[in-house]
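Summary of structural features
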Amino acid sequence: MARAEERAAWLFLAPSLVLFLAFTVVPVISAFIISFTEWNLFNAVNFVGFGNYVGLLHDEIFLKVLGNTGYFVLVSVPIQIAIALLCALALNRGVRGQTFFRVVYFLPVVTSTVAAALVWSWLFNSNFGLINAGLSLVGVTDLPKWMGSTKWAMPAVIIVSIWQNLGYAMVLFLAGLQNIHQEVRDAAELDGATGWDRFWTITLPLLSPTMFFVLIISIIGSFQVFELVFVMTKAGPANATNTLVYYIYQNGFQFYQMGYASAAAMILFLIVLVFTLAQYRLQDRWVHYG
Amino acid sequence: MDKTLGDWVVFVLLLAGALLMCGPFAWMISTSFKPGPEVFLYPPTPFTAEPQYENYVRIFSAIPFGRAIANSLIVSASVTILQLIICSLAAYAFACLRFRGREILFLIYLSALMVPSQVTLIPNFILVRTLGWIDTYQGLILPFAFSSFGTFLLRQYLKSIPQELMEAARMDGANHFQIYSTIVLPLAKPALGALAIFTFVAQWTISSGRSSPRPSPKCRSRPWRSAPSRDSTIPIGRCS
């Protein structure tokens, strides 16, 4: 009986095991091995030990790419989460048209990133774009060149990223807020807590499991920003918007340096892993489950 | 009084936000009707005086747009259907069956959620090339036919189905496959529906992480079409 159940279990698992081995386990292990080689996809594989890793740490562009990625994550994630939380709190007050707002704010999430980035690159265009036309209408004279300037290109990418991912976090927050029972808040109100106190002492702690999930997903996601950069700036100008995944793509599929690209991918994996593990460790301090 | 005033302020702010969220979509539609040179006019015109309806006809002749949409549909639908089957089978094993190594295997599946797809992008590309699957549908479909996310989602749901239902079916002599297909799957419809939507949307909008980074026109799916790529063989950027 128990043996029959065991056999059945492995039969049920067989399709997923085959695909998981082929397209996840084998690739992860081979990426790790490739990262110690010099290989252009066509010639023989040449083992170079830690050469690629040493090379990356001395690569000025790679260091700049690390900085850019950090800048992107540190700026986009907090702003995106703050706006999403504000929107969710506002919608949770029971304003009219809640469904309409929810759909509209979620619309960019289900839009192809490539299409969205294309439209935004017209909007940001410094010659004919709507955004600069609007800015000059309100009297800004020193118009930013956006994707043409090393200073403003990254903020442009960040703005589009926030616009696109806002709805996802908002819907999750909204679901979390709707789980907080009105009685809890009513009780706090009776005890004389102000709206501000109630937010910090009741709403936010009860929302912390959702916040934890959103934070992890957003950080992992923004470390992997690629399509926005690919369509809007092609990493330019002067690598001002070159991010880790774009750099991996460049090295692997434009310069055919598979070893170098895999080493960069391993470093990215390590960074994301450290961030995720650190958040798991820190969650005891601020995440309250039930 | 104070409360309703606050509500109105919130409503107006949300409306302004909604306009910001919708703006780019409106601009996309407005631009799609403009004649070529007007796109680059400064100051920009909100509506064109001479709408070019034939832009929509032209994309089907200028680039194989119909083919691209068909490819996207075929790939997204196949991936979605396969994931629903494969993930629900695995989820049934994890949620409803006892076997040695269950917890460890589940943890290994879960840890795959943390691996960025870019880590496996290059080896996957090599694997798909070795199999001779570049520019084929199976090369675009099979690497995405299983997901840890889907298995996790369905397992959580299946665990909430009362054990007695399955035991009763076993008493009546049903085997595991019959229980899975006639009891568990119908009960899991909400979770399967959610997974179907997530998967289809993700597949439809994806363009990076694809096994072949520069697909040939035959198998290039829709998002690749709209990318204004310099080294693309088709001058997409000039079609607007």
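Residues numbered from 1 in each chain as written. Chains lettered and ligands numbered in written order. Predicted model: local features only at pLDDT ≥ 70, side-chain atom pairs only at ≥ 80, totals over all residues.

For chain A, the helix and strand inventory stands at 12 helices and two strands. Ordered by position from N to C terminus, the α and β elements of chain A give α-β-β-α-α-α-α-α-α-α-α-α-α-α. In terms of overall dimensions, chain A has a C-alpha envelope of 80 × 75 × 30 Å along the principal axes. Looking at chain A as a whole, 40% of its 290 residues are labelled buried. Nonlocal contacts in chain A, meaning residues at least 24 apart in sequence, comprise 70% of its contacts between residues at least 6 apart. (Helix = DSSP H or I, 4+ residues; strand = E, 2+ residues; numbered from the N terminus. Buried ≥ 20, exposed ≤ 12 C-beta atoms within 10 Å, placed from the backbone. Contact = placed C-beta atoms within 7 Å.)

What follows is about the overall build of chain B. Each helix and strand in chain B was counted, giving 11 helices and zero strands. The buried share of chain B, reckoned over its 240 residues, is 31%. Of the contacts made within chain B by residues no fewer than 6 positions apart, 75% connect residues no fewer than 24 positions apart.

When the parts come together, some accessible area is lost, and that loss is often what is quoted as the size of the interface. Taken together, the 56 residues of chain B in the interface contact 63 residues of chain A. Among the secondary structure elements, those contributing two or more residues to the side of chain B that touches chain A are α1 (2-32), α3 (65-96), α5 (117-130), α10 (189-205) and α11 (222-226) of chain B. The element that contributes the greatest number of residues to the side of chain B that touches chain A is α1(B), accounting for 14 residues. Residue classes in the side of chain B that touches chain A are distributed as 42 nonpolar, 11 polar and three charged. (Nonpolar A, V, L, I, M, F, W, Y, C, P; charged D, E, K, R; others polar.)

Attention shifts here to the nonpolar core. Judged by nonpolar contacts, the single largest core of 79 residues is most densely connected at M232(A), A264(A) and A265(A). In terms of residues, this core owes the most to one element, helix α7 (residues 153-178) of chain A, which gives 13 residues. Formed by 36 residues, the second largest nonpolar core is a distinct cluster that contains L19(A), I86(B), Y109(B) and Y180(B). (Core = buried A, V, L, I, M, F, W, Y, C linked by C-beta atoms within 7 Å.)

Let us now look at the confidence of the model for chain B. Residue and element names in this part refer to chain B. Summary statistics for chain B give a mean pLDDT of 78 and a share of 83% for residues scoring 70 or more. Within chain B, the element-level pLDDT minimum falls on α11, averaging 44, and the maximum on α3, averaging 92. In the predicted structure, residues 207-220 sits below a pLDDT of 50 and forms 35 contacts with residues beyond four places in sequence or in another chain. Long-range and interchain partners of residues 222-240, a stretch whose pLDDT sits below 50, account for 34 contacts in this model, where long-range means more than four residues apart. For this predicted complex, the interface confidence comes out at an ipTM of 0.74, alongside a pTM of 0.78. (pLDDT = per-residue confidence, 0-100.)

Over its 33 residues, helix α3 (residues 60-92) of chain A runs 48 Å from end to end, which matches the ideal 48 Å to within 8%, given 1.5 Å per residue. Downstream of α3(A) by a residue or two, G94(A) has a phi angle that is positive, lying close to 80 degrees. (Expected span 1.5 Å × (residues − 1).)

For the rest of this paragraph, the subject is the environment of G97(A). Residue and element names in this part refer to chain A. Within the fold, G97 resides in the loop between α3 and α4 (98-106). G97 gets classed as partly exposed once you count the C-beta atoms within 10 Å, which come to 14. C-alpha separation for the pair G97 and L56, spaced 41 residues apart in sequence, amounts to 52 Å.

What follows deals with unusual backbone geometry. Residue and element names in this part refer to chain A. Positive phi, close to 50 degrees, is recorded for K234, a residue that is not glycine. Positive phi, normally seen in glycine, also occurs at N239, with a value near 60 degrees. Secondary-structure assignment places N239 in the loop between α10 (227-232) and α11 (244-254). Given 18 C-beta atoms within a 10 Å radius, N239 is considered partly exposed.

For the rest of this paragraph, the subject is helix α9 (residues 176-187) of chain B. The terminal C-alpha atoms of α9(B), which comprises 12 residues, lie 15 Å apart, in line with the 16 Å expected from a rise of 1.5 Å per residue. Where α9(B) is concerned, the buried positions are H176(B), I179(B), Y180(B) and V184(B). Taken around the axis of α9(B), the buried residues stretch over an arc of 95 degrees, which confines them to a single face. α9(B) presents T182(B) and P186(B) as exposed residues on the side facing more than 90 degrees away from its buried surface. On its buried face, α9(B) is in contact with α1 (2-34) of chain A together with α3, α7 (148-158) and α8 (163-171) of chain B. (Arc of directions from axis to C-beta.)

Residues and elements named next belong to chain B. Following both chains from N to C, one finds α3 and α7 inclined at 50 degrees, their axes separated by 8 Å at the closest point. Judged on the interaxial angle alone, α7 and α3 are oblique. α7 is crossed by α3, and the crossing has right-handed handedness. The segment α3 lies against α7, with Q83, C87, S88, A90, A91, Y92, F94, A95 and C96 engaging G150, T151, L154, R155 and L158. (Axes fitted to C-alpha atoms, helices over the stretch in contact; angles between N-to-C directions. Parallel < 35°, antiparallel > 145°, perpendicular 65-115°, else oblique. Left-handed = near helix turned anticlockwise from the far one by under 90°.)

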